[in-house]
Amino acid sequence: MKRGYFIVLEGPDRSGKSTQAKLLKEWLEGRGFSVILTREPGGTKISEQVRKILLDPKNNIERLTELFLYESSRAQHTLEIILPALKAGKVVISDRFTLSTVAYQGYGRGLPIKTVNTLNTIATCGLKSDLIFVFDIPDRIFAERERLALKLSGPDRIESASAAFRKRVNRAYKILAGKQGMIRINGALSRANIQKEIITRVRRLIGV
Ligand SMILES: Nc1ncnc2c1ncn2[C@@H]1O[C@H](COP(=O)(O)OP(=O)(O)O)[C@@H](O)[C@H]1O
Ligand SMILES: [Mg+2]
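Heads up: these notes are all about the structure in this document. Since the structure is predicted, the reported quantities are computational estimates derived from the model, not experimental observations.

A look at the environment of Phe135
Piece 1. Relative to the assigned elements, Phe135 resides in strand 4 (residues 131–136).
Piece 2. In the structure, Phe135 is positioned 52 residues away from Gly187 in sequence and 5.5 Å away in space, judged by C-alpha atoms.
Piece 3. For Phe135, the residues in contact, after removing those within four places along its chain, are Leu9, Glu10, Gly11, Pro12, Ser15, Gly16, Lys17, Gln20, Tyr173, Ile185, Ile194 and Ile198.

As structure tokens, this is what we get:
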């Protein structure tokens, strides 16, 4: 079976994931690759509907319900978008994937990591990514970017969660970035320097 490549960008809000996902897509397309850029939660019609429930500040969601909503959205996303694209030999870039659930629902909400990992495996049919970039930004820069962004629009449900929760999530990403198989990205670097680092790894993977 011909197989494409699956590249994941992870990290806290405003660490630069979406910026780099877009740059990487453009770079790959410039080299003739067929690229699907997708995101979680979301990526399909059903998953985008689940995303709305998850991010609506009016919703009071139990952490276990939240976990299942993320995983149900992921199952649909994996089956409808990611697996068929990989089978067709495309490069799939996902802005967030399973590690986000480890960080937010595991470390952040305090659900057992083992449970999160088990559900992640079920929801993804055991799919493993080829590269996982984990963005890590200093708290000071995180606060600065947050101030700027909240001036433009109000916070969503996750963004308005307690400061303690968000601190646990940011700390989780620092820990997770150092784990085996993860590529730590210093989100404080310039866009161009981060892109260079990402492209070096991607070149090595795809052999161009
Ligand atoms: N390397 C960088 N240096 C400075 N600002 C950046 C950098 N990367 C992204 N930004 C800016 O920071 C904000 C968050 O970036 P974004 O890519 O949307 O992050 P995320 O997708 O992780 O939430 C945006 O305003 C973006 O323009
Ligand atoms: Mg983003």
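Focus: the packing of aromatic side chains
Piece 1. This structure, assessed with the given rule, holds three aromatic pairs.
Piece 2. A ring pair is formed by Phe6 and Phe97, whose centres lie 5.0 Å apart and whose planes are at 90°; its orientation type is edge-to-face. With a gap of 91 residues between them, Phe6 in strand 1 (residues 5–10) and Phe97 in the loop between strand 3 (91–95) and helix 4 (98–108) connect regions that are remote in the sequence.
Piece 3. Geometrically, the ring pair formed by Tyr104 and Tyr173 is edge-to-face, given 6.2 Å between the ring centres and 70° between the ring planes. Here Tyr104, found in helix 4, pairs with Tyr173, found in helix 7 (residues 163–177); they are 69 residues apart in sequence, far enough to count as distant.

Remarks on the nonpolar core
Piece 1. Among the nonpolar cores identified, the biggest contains 32 residues, and Phe6, Ile82, Ala103, Tyr104 and Tyr173 are the most heavily contacted of them.
Piece 2. The set of elements that each furnish at least two residues to this core consists of strand 1, helix 2 (45–55), helix 3 (63–87), helix 4, helix 5 (113–123), strand 4 and helix 7.
Piece 3. Ignoring anything within four residues of it in the chain, the contact list for Ile82 reads Phe6, His77, Val92, Phe97 and Leu127.
Piece 4. Grouped together as the second largest cluster of nonpolar side chains are 19 residues, Phe135, Ile194, Ile199 and Ile206 included.

A short note on the sheet that holds strand 2 (residues 35–39)
Piece 1. Spatial strand order, 2-3-1-4-5: five strands in an open sheet with parallel pairing. At either end of the open sheet lies a strand with only one pairing partner, and these are strand 2 and strand 5 (182–186). On average, each strand axis in the sheet is tilted by 20° relative to the strand beside it, whichever way the strands run.
Piece 2. Here helix 7 sits on the sheet and contacts strand 1, strand 4 and strand 5; the angle it forms with strand 4, its principal contact strand, is near 135°.

Here's the deal with the packing of helix 3 against helix 5
Piece 1. Between helix 3 and helix 5, the least distance of the axes is 8 Å, while the angle of their chain directions is 25°. It follows that helix 3 is roughly parallel to helix 5 by the angle criterion. Here helix 3 and helix 5 pass one another in a crossing that is right-handed. Of the residues in helix 5, those in contact with Leu67, Phe68, Glu71, Arg74, Ala75 and Thr78 of helix 3 are Thr115, Val116, Leu119, Asn120 and Ala123.
Piece 2. In the contact of helix 3 with helix 5, the residues fall into six nonpolar, three polar and two charged.

As for helix 3
Piece 1. Counted at 1.5 Å a residue, the expected span for helix 3 with its 25 residues is 36 Å, and the 34 Å between its end C-alpha atoms agrees.
Piece 2. The largest bend in helix 3 amounts to roughly 45° and is located at Thr78.
Piece 3. The complete set of buried residues in helix 3 reads Glu66, Leu67, Leu69, Tyr70, Glu71, Ser73, Arg74, His77, Thr78, Ile82, Ala85 and Leu86.
Piece 4. The secondary structure elements touched by the buried residues of helix 3 are strand 1, strand 2, helix 2, strand 3, helix 4 and helix 5.
Piece 5. Following helix 3 by one or two positions, Gly89 has its phi on the positive side, about 85°.

Focus: the site of ligand 1
Piece 1. Around ligand 1 lies a shell of 13 residues, among which Arg14, Lys17, Ser18, Thr19 and Leu189 are the nearest.
Piece 2. Between Gly16 and ligand 1, the recorded distance is 3.0 Å, taken from a backbone N or O atom to an oxygen atom.
Piece 3. Relative to its unbound accessible surface of 570 Å², ligand 1 loses 68% to contact with the protein.
Piece 4. Secondary-structure elements contributing two or more residues to the shell around ligand 1 are helix 1 (17–30) and helix 8 (191–206).
Piece 5. Across the shell around ligand 1, the residue classes break down as three nonpolar, five polar and five charged.

What to know about the side chain of Asn120
Piece 1. Along the polypeptide, Asn120 turns up in helix 5.
Piece 2. At 2.8 Å, the side chain of Asn120 forms a polar contact with the side chain of Arg74.
Piece 3. Apart from residues lying up to four places away in sequence, Asn120 is in contact with Glu71, Arg74, Thr98, Thr101 and Val102.

What counts, and at which threshold
Residues numbered from 1 in each chain as written. Chains lettered and ligands numbered in written order. Predicted model: local features only at pLDDT ≥ 70, side-chain atom pairs only at ≥ 80, totals over all residues. Heavy atoms only, no water. Helix = DSSP H or I, 4+ residues; strand = E, 2+ residues; numbered from the N terminus. Contact = heavy atoms within 4.5 Å. Phe/Tyr/Trp six-rings, centres within 6.5 Å; stacked < 30°, edge-to-face > 60°. Core = buried A, V, L, I, M, F, W, Y, C linked by side-chain atoms within 4.5 Å. Buried < 20%, exposed > 50% of the residue type's maximum accessible area, 1.4 Å probe, protein only. Pairing = 2+ DSSP bridges. Axes fitted to C-alpha atoms, helices over the stretch in contact; angles between N-to-C directions. Parallel < 35°, antiparallel > 145°, perpendicular 65-115°, else oblique. Left-handed = near helix turned anticlockwise from the far one by under 90°. Nonpolar A, V, L, I, M, F, W, Y, C, P; charged D, E, K, R; others polar. Expected span 1.5 Å × (residues − 1). Bend = angle between axes of the 7 residues up to and from the residue. Near = heavy atom within 4 Å. Polar contact = N/O pair within 3.5 Å; in protein donor to acceptor, adjacent residues only side chain to side chain. Areas by Shrake-Rupley, 256 points an atom, 1.4 Å probe, with all protein chains shown as cover.

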